[in-house]
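Topology and contacts: notes
The residues making up each chain are set out below.
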Amino acid sequence: MRRSGAGRSGAPVRLGAVDPKTRNRIMAGVLVLMFLVVALAAALGR
C-alpha cells in the first residue's frame with residue numbers, strides 16, 4: 001500500500017490555491033491540533 005504525504009485522503013492537498021489568510025488559519029489549526037495530541041499523549045503516558 002502506497003502512502004502519500006497528504007495524509008489519509010487520496011487527493012493531495014494543494015495549499016497554494018488557497019488565499020494566504022485561509023492558509024495561515026489552516027496551519028495554525030494544525031499546529032494547535034498537534035500540540036493537543038502531544039499534550040494528551042504526555043498526560044496519558046504518566
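Procedures and definitions
- Residues numbered from 1 in each chain as written.
- Predicted model: local features only at pLDDT ≥ 70, side-chain atom pairs only at ≥ 80, totals over all residues.
- Heavy atoms only, no water.
- Helix = DSSP H or I, 4+ residues; strand = E, 2+ residues; numbered from the N terminus.
- Buried < 20%, exposed > 50% of the residue type's maximum accessible area, 1.4 Å probe, protein only.
- Areas by Shrake-Rupley, 256 points an atom, 1.4 Å probe, with all protein chains shown as cover.
- Patch = residues over 30% accessible without salt bridge, like charges linked within 9 Å, V, L, I, M, F, W, Y side chains within 5 Å.
- Salt bridge = Lys/Arg side-chain N within 4 Å of Asp/Glu carboxyl O.

Broken down by element type, the protein chain carries one helix and zero strands. When the 46 residues of the protein chain are sorted by exposure, 0% land in the buried category. Per element, the accessible surface of the protein chain, about 4,600 Å² overall, is 66% carbon and sulfur.

Another point: a nonpolar patch on the surface. Among the surface-exposed residues, I26, M27, V30 and M34 lie close enough to one another that they form a single nonpolar patch of about 350 Å² accessible area. Here M27 is to be found in helix α1 (residues 20-44).

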